[in-house]
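# Summary of structural features
Residue-level listing of the chains:
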Amino acid sequence: MKRAPLTLAAAVAALAALTGAAALTAPAPAGAAAGGKAASAARMPVERSLLVCPGPSSSDIAETTYTSFTPGAAGGGKGSARLLGATKDAKPVLEPKEPGKPVGATANGADAPALTGSADGVLAPGWTAQLTTKVSVGRARGVLGVGCTAPGTDFWFPAVSTAKGREDYIHLTNPDDAAAIVDVKLFGPDGLAKPDAGTSENIRVDPKSTKTVLLSSLAPNTQLADATAHVTTRAGRVGASVQVGEEGVGADWLPASADPAGSLVLPGIPADATSVRLVAFVPGEEDADLKLRLAAPGGAITPAGNEQLHVKAGMTTVMDLKDLTRGEPGSLLLTPADPAKASPLVAAVRVVRGSGAKQELGFVPATGPVGARATVADNRPEENTTLLSLTAPTADAKVKVTASPGTGGGEPASQEVTLKAGSTQTLNLAPAGGKGSYALTVETVSGGPVHAARTLSLPHEGVAMFTVQGLSDDHSTVSVPRASQDLSVLTR
């Protein structure tokens, strides 16, 4: 059957629809058009983005801040964005109006909703949102921070637990008009944990709703001090995050690890960490032998006594790194001991600051590079509250960091940072005269790759309450064939 050729505008629209909200292609390799043999692809801004945010807390005394931001300059065109409560009678919580200006909202207590929403036009490229919750007392006390994510179908969560004294809830939020069906598998040190009959499969998440699942209820006859959860969907898509509460050390969110890869970077381990525990898992069939290094301000060092780690395929492996950073901020680098045998894995570290009754816990999962650009919202202008960690694991790099105005005003500020290979540098950058929370955007200028994480510290009565969020490429552009290329493939 003969088809009419597509116009370039129609091709752009078709590609935008095919790529979806966040799973976008990487830039075309440099030199692809050398010699005129092939036309390189153009990079175009995405036209629509989706975000899903979990329900903040079950505590009646929780204080939650929602923040939303799109990088860029105002006045560049039209767009809209809305984050709504994840219910059938959804009400708007956040409605950004223009790029470059963050918006915020607050909610108190256990009724603060999970959110779903979309942005289009000029508000879509790089759109981000953040939940930050502070609970001052009780088992769930602490600062709990999590970035809202694009919905997906496959998530890995190393460092979960079903042990006594831990309460790990996986939050599943469905942004769509049809039900999602979810499976959850738990892998302990001996492999796949045998679930209670029927509880871990075919978990239904109704349309426009959120569901929480207590992980210990999926395998009630097995207590796993350290485990890995694998969340997949049989139908539909969800946003997934794990909320952890641990007796004596507070609570925080555990985001999903970066996709399985042979080398991983876990950025932003606090300088004053008193306990660092690495949890790793290999999903495939081949064991992994890894070299461990700490990217510190002066360069990469090998922690004495913890130079290598063997991870058996299908089994969760743990290494106690104690006070790994020893007073200097750092990032953990995991690389194959033999580059020819790089088994993909996922990983996260459980971090504790403080001691005795003043301990506080957080998590640092493996995080992808910032790529062209990455943003984290809800940073605070108060002194020593916000710390950005930047790591160049393999090569020298330069990045530009920009602090947006605050939700209550201020002037943006920017700074270029040069990174040496194998090092981690930290930066405390805030808008001039900023009031309210602001966003930090990291752009790669040269070299790379660069990995980044933001630590937000909100101490309370002597407890070093904190949360760490990684920054990953915002995939704000998509590859689109140039007009000289044959577009008929899109009509097949």
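Quick note: structure is the one above.
Residues numbered from 1 in each chain as written. Predicted model: local features only at pLDDT ≥ 70, side-chain atom pairs only at ≥ 80, totals over all residues. Heavy atoms only, no water.

In this section: unusual backbone geometry. Cis geometry is adopted by the peptide bond preceding Pro449, which originates at Gly448 and carries an omega value of 0°. The backbone of Asn202 shows a phi angle near 55°, a positive value even though the residue is not glycine. Tracing the chain through its elements places Asn202 in the loop between β13 (191-192) and β14 (203-205). In this model, Lys322 sits at a positive phi of 50°, which is unusual for a non-glycine residue. In this structure, Lys322 sits in strand β24 (residues 317-322). Relative accessible area serves as the criterion here: at 52%, Lys322 is assigned to the exposed category. (Helix = DSSP H or I, 4+ residues; strand = E, 2+ residues; numbered from the N terminus. Buried < 20%, exposed > 50% of the residue type's maximum accessible area, 1.4 Å probe, protein only.)

Quick look at the pairing of strand β25 (residues 330-336) now. A large share of β25 lies buried, amounting to seven of its seven residues. Across four bridges, strand β19 (residues 264-269) lies against β25 in antiparallel orientation. Of the residues in β25, the one forming a bridge with Leu264 is Leu334. Sheet topology places strand β21 (residues 288-296) next to β25; six bridges connect them, and they run antiparallel. Within the sheet, the bridge partner assigned to Arg293 lies in β25 and is Leu333. (Pairing = 2+ DSSP bridges.)

This next bit is on the sheet that holds strand β35 (residues 466-471). One open sheet holds the four strands; their spatial order is β32-β29-β34-β35, and the pairing between them is antiparallel. Looking at which strands have only one partner, the edges of the open sheet turn out to be β32 (423-427) and β35. The sheet shows a mean angle of 20° between the axes of neighbouring strands, direction not considered. (Axes fitted to C-alpha atoms, helices over the stretch in contact; angles between N-to-C directions.)

So, on to a negative patch on the surface. Together, Glu285, Glu286, Asp287, Asp289 and Asp338 make up a negatively charged patch on the protein surface. Looking at the secondary structure, you find Glu286 in the loop between β20 (273-281) and β21. (Patch = residues over 30% accessible without salt bridge, like charges linked within 9 Å, V, L, I, M, F, W, Y side chains within 5 Å. Areas by Shrake-Rupley, 256 points an atom, 1.4 Å probe, with all protein chains shown as cover. Salt bridge = Lys/Arg side-chain N within 4 Å of Asp/Glu carboxyl O. Lys, Arg positive; Asp, Glu negative; His and termini not counted. Charge placed at Lys NZ, Arg CZ, Asp CG, Glu CD.)

This paragraph deals with the pairing of β35. Most of β35 sits inside the fold, with five of its six residues counted as buried. As paired elements, strand β34 (residues 451-457) and β35 share six bridges and run antiparallel to each other. Its bridge partner being in β35, Thr455 is matched across the sheet by Val468.

This brings us to the packing of aromatic side chains. The full count for this structure, using the stated rule, is four aromatic pairs. With centroids separated by 6.5 Å and ring planes inclined at 20°, the aromatic side chains of Phe155 and Phe157 adopt a geometry described as stacked. Joined through ring pairs, the aromatic side chains of Trp156, Phe187 and Phe281 make up one cluster. The ring of Phe466 carries Arg353 above its face, with NZ or CZ at 5.0 Å from the centroid. (Phe/Tyr/Trp six-rings, centres within 6.5 Å; stacked < 30°, edge-to-face > 60°. Lys NZ or Arg CZ within 6 Å of the ring centre and 35° of its normal.)

Once that is clear, we can look at the nonpolar core. Ranked by internal contacts, the top residues of the largest apolar core, which has 32 residues, are Phe157, Val160, Ile170, Leu172, Val182, Val231 and Leu254. Where this core is concerned, the elements lending two or more residues are β10 (154-160), β11 (166-174), β12 (180-188), β14, β16 (227-235), β17 (239-246), β26 (346-353) and β27 (360-365). Non-local contacts of Leu172, meaning those with residues more than four positions away in its chain, are made with Val182, Ile203, Val205, Ser209, Thr210, Lys211, Val213, Val231, Val238, Gly239 and Ala240. Ranked by size, the runner-up nonpolar core spans 29 residues in total, among them Ala288, Leu309, Ala313 and Leu332. (Core = buried A, V, L, I, M, F, W, Y, C linked by side-chain atoms within 4.5 Å. Contact = heavy atoms within 4.5 Å.)

Let us now look at the sheet that holds strand β18 (residues 250-254). Taken together, four strands build an open sheet; the order of strands is β15-β11-β17-β18 and the sheet is antiparallel. Of all the strands in the sheet, the pair left with one neighbour each is β15 (209-214) and β18. Going from strand to strand, the sheet's axes swing by 20° on average, the running direction of each strand aside. Direction of pairing for β17 relative to β18: antiparallel, over a ladder of five bridges. Counted as the bridge partner of Val242 is Leu254 from β18.

Take the state of the cysteines next. Enumeration according to the criterion identifies one disulfide in this entry. Note on cysteine connectivity: Cys53 is disulfide-linked to Cys148, with sulfurs 2.1 Å apart. Its S-S torsion of approximately 110° makes the covalent link between Cys53 and Cys148 right-handed. Placement of Cys53 in strand β2 (residues 48-53) and of Cys148 in the loop between β9 (142-147) and β10 is noted, with a sequence separation of 95 residues between them. The same class applies to Cys53 as to Cys148, namely buried. (Disulfide = S-S within 2.5 Å.)

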